[in-house]
Amino acid sequence: FAAQRHVLTYMEDAVSQLLENREDISQYGIARFFTEYFNSVRQGTHILFREFSFVQATPHNRASFLRTFWRCFRTVGKNGGLLTAQEYHCLLQLLCPDFPMELTQKAARIVLMDDAMDCLMSFSDFLFAFQIQFYYSEFLESVAAIYQDLLAGKNPNTVIVPTSSSGQHRQRQPPNDCNPLDGVEASLFYQCLESLCDRSKYSCPPCALVKEMLSTAQRLTFYGFLLALAKDQGINRALGALPDKGDLFLDPAMDQELEKLIAQVSGLAISAPTSSSGDTANLPVRHSPRINSPWKPLHHRRKIDAESEGSNEETDSSEN
């Protein structure tokens, strides 16, 4: 279970929520609260409607958010919808109200490259680009700095010349006439990425998959690299949050649950008594949790349990 690596983070969050919502929790006990909380962590529903600082706090949280975003809004792609970056950002904010626009824009830039940022994007294109930008955000910041250094010739790698009998080192310098549009040498770029992954404390794509991805390229640009990451299904499987592109719009468990909810709503609409005076005293009363309560995701657990059943919690291989 991936979240076990960050159990202290969840214990601190659980205690914080317990203290902030002790009046609501006292009616059914602390033991049940902790059971509910850690069940939601296991199922990945604990990130719903939470602040961005918590959503990005652990790799498990990030993978859970990606999976939830896909399951909630996959019908956009299933129906062939095309949206702008701003519209996708509005969908993200439905799950995380303070989700930063900057991350959405960075994801859109992977898809659109040099096109205007108000261009339309398919759901699948945005989703896989967003996955890379969101899950590996710290890694990509370091990659961007490495790329700029290589492009400017400020960070040449020291390599051993295989044919040198003395074993002396020489500096591999980029050509003086290097055109930024041509990017950087792929093999040199990978050497820097491999070193970065070895020392990074943040999540990184598996080095073997990155090496395979770059093996056929001689030179590449930064956004060309990001696009390749987003399209690589091996990296997607290693991360474990989203299905393959061919199965992106298939979610039988979710569809069955939606059909049940629709049937229940339809049944209530047909059977609900009404009167000419508009009296609604006999209608079922639904109590909503406080809007500003971080305990809200746990109030919603039963509604979304079925969404998490059958989903894979396979984030172990994506964490470092």
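The chain is annotated in an unreviewed UniProt entry as Centriolar satellite-associated tubulin polyglutamylase complex regulator 1 of Asarcornis scutulata. The record held by UniProt for the chain lists under Function (unreviewed entry) the comment "Regulator of the tubulin polyglutamylase complex (TPGC) that controls cytoskeletal organization, nuclear shape, and cilium disassembly by balancing microtubule and actin assembly. Regulates the assembly and stability of the TPGC and thereby modulates polyglutamylation of the microtubule, which antagonizes MAP4 binding." Regarding the chain, the relevant UniProt record gives this comment under Subcellular location (unreviewed entry): "Cytoplasm, Cytoskeleton, Microtubule organizing center, Centrosome, Centriolar satellite".

Student: Account for the packing of aromatic side chains, naming residues and giving values.
Tutor: As enumerated under the stated definition, the model contains 21 aromatic pairs in all. When the ring of Tyr 37 is compared with that of Phe 38, the centres are 5.1 Å apart and the planes differ by 80°; the resulting orientation is edge-to-face. For the pair Tyr 135 and Tyr 136, a centre-to-centre distance of 5.0 Å together with 85° between the ring planes defines the contact as edge-to-face. Pair check on accessibility: Tyr 135 and Tyr 136 agree, each one buried. Members of the aromatic cluster, joined through ring pairs, are Phe 52, Phe 65, Phe 69, Phe 73, Tyr 88, Phe 99, Phe 123, Phe 126, Phe 130 and Phe 134. The ring of Phe 54 has Arg 50 lying over it, and the distance from NZ or CZ to the ring centre is 4.0 Å. Above the plane of the ring of Phe 134 lies Arg 62, whose end atom (NZ or CZ) is 6.0 Å from the centre.

Student: How would you summarise the packing of helix α5 (residues 59-78) against helix α6 (residues 85-95) if you had to cite specific residues and measurements?
Tutor: Running from N to C, α5 and α6 cross one another at 125°; their axes reach a closest spacing of 11 Å. Between α5 and α6, the interaxial angle falls into the category oblique. Crossing of α5 over α6 shows right-handed handedness. Residue-level inspection shows Phe 65, Thr 68, Phe 69, Cys 72, Phe 73 and Val 76 of α5 in contact with α6, the latter providing Leu 91, Leu 92, Leu 94 and Leu 95. Partitioning the contact of α5 with α6 into residue classes produces nine nonpolar, one polar and no charged.

Student: Describe the pattern of salt bridges, with residues and values.
Tutor: A full pass over the atoms with the stated rule returns six salt bridges. The closest approach of N and O atoms between Arg 50 and Asp 13, which form a salt bridge, is 2.7 Å. Taken as a pair, Arg 50 in the loop between α3 (30-43) and α4 (52-55) and Asp 13 in helix α1 (residues 7-20) lie far apart in primary sequence, 37 residues in all. In this structure, Arg 50 and Asp 13 share a single accessibility class: buried. The salt bridge involving Glu 51 is made with Arg 50; its shortest N-O contact spans 3.2 Å. Owing to a relative accessible area of 3%, Arg 50 belongs among the buried residues under this scheme. Three or more residues are tied together by salt bridges with common partners; here these are Asp 13, Arg 50 and Glu 51.

Student: Break down α6 for me, with residues and values.
Tutor: Owing to its 3.6 residues per turn, the α-helix brings residues three or four apart onto one side. Within α6 the residues assigned to the buried category are Ala 85, Tyr 88, His 89, Leu 91, Leu 92 and Leu 95. Around the axis of α6, the buried residues are gathered within 155° of arc, so they sit on the same side. Packed against the buried residues of α6 are α5, β1 (82-83), α7 (101-112), β2 (121-122) and α8 (123-135).

Student: Describe the nonpolar core, with residues and values.
Tutor: Counting 73 residues, the largest nonpolar core has Phe 65, Phe 189 and Phe 225 as its most contacted members. Examining the composition of this core, we find that nine residues originate from one element, α8, more than from any other. Once you skip the residues sitting within four places of it in the chain, Phe 189 turns out to touch Val 143, Ile 146, Tyr 147, Leu 150, Val 184, Leu 214, Leu 220 and Phe 225.

Student: Now, about the packing of α7 against α8: what can you tell me, with residues and values included?
Tutor: At a minimum axis distance of 8 Å, the contact between α7 and α8 shows a crossing angle of 125°. Of the possible angle classes, the one that applies to α7 and α8 is oblique. Of the two possible hands of crossing, α7 and α8 adopt the one that is right-handed. Along its contact with α7, which presents Leu 103, Thr 104, Lys 106, Ala 107, Ala 108, Ile 110 and Val 111, the element α8 presents Asp 125, Phe 126, Ala 129, Phe 130, Gln 133 and Phe 134. Residue composition of the contact of α7 with α8, grouped by class: nine nonpolar, two polar and two charged.

Quick notes on the rules
- Every chain's residues receive numbers from 1 upward, in the order its sequence appears when written.
- In keeping with the model being predicted, local features are shown solely for residues with a pLDDT of at least 70 and side-chain atom pairs are shown and tallied solely at 80 or more, while totals for entire chains, interfaces and linings include all residues.
- Only hydrogens and water are set aside when side-chain values are computed; all heavy atoms of the structure are taken into account.
- UniProt positions are given in the numbering used here, feature names are shortened, and annotations may be inferred rather than shown by experiment.
- When the centres of two rings from Phe, Tyr and Trp lie within 6.5 Å, Trp using its six-membered ring, the rings pair. Their planes under 30 degrees apart give stacked, over 60 give edge-to-face, and anything left gives tilted.
- Burial status follows relative accessibility: with a 1.4 Å probe on protein chains alone, a residue under 20% of its type maximum counts as buried, one over 50% as exposed, and anything between as partly exposed.
- Here, over-ring charges are defined by two tests on the NZ atom of lysine or the CZ atom of arginine: distance to the ring centre within 6 Å, and angle to the ring normal within 35 degrees.
- As a rule, the C-alpha atoms of each element are fitted with a line to give its axis, helices using only the stretch in contact, and angles between N-to-C directions run from 0 to 180 degrees.
- Numbering of helices and strands runs from the N terminus, with a helix taken as a DSSP run of H or I at least four residues long and a strand as a DSSP run of E at least two residues long.
- Here the angle decides the label: under 35 degrees means roughly parallel, over 145 means roughly antiparallel, 65 to 115 means roughly perpendicular, and every other value means oblique.
- Take the far helix as your reference; a near helix turned counterclockwise from it by less than a right angle gives a left-handed crossing, and one turned clockwise gives a right-handed crossing.
- Here, two residues are considered to be in contact whenever any of their heavy atoms come within 4.5 Å of each other.
- Charged residues are taken to be Asp, Glu, Lys and Arg, nonpolar residues to be Ala, Val, Leu, Ile, Met, Phe, Trp, Tyr, Cys and Pro, and polar residues to be all remaining types, Gly included.
- The term salt bridge refers to a side-chain nitrogen of Lys or Arg lying within 4 Å of a carboxyl oxygen of Asp or Glu.
- As used here, the arc is the angular range of directions from the helix axis to the C-beta atoms.
- As used here, the term nonpolar core means buried Ala, Val, Leu, Ile, Met, Phe, Trp, Tyr and Cys residues forming a set that is joined through side-chain atoms within 4.5 Å.

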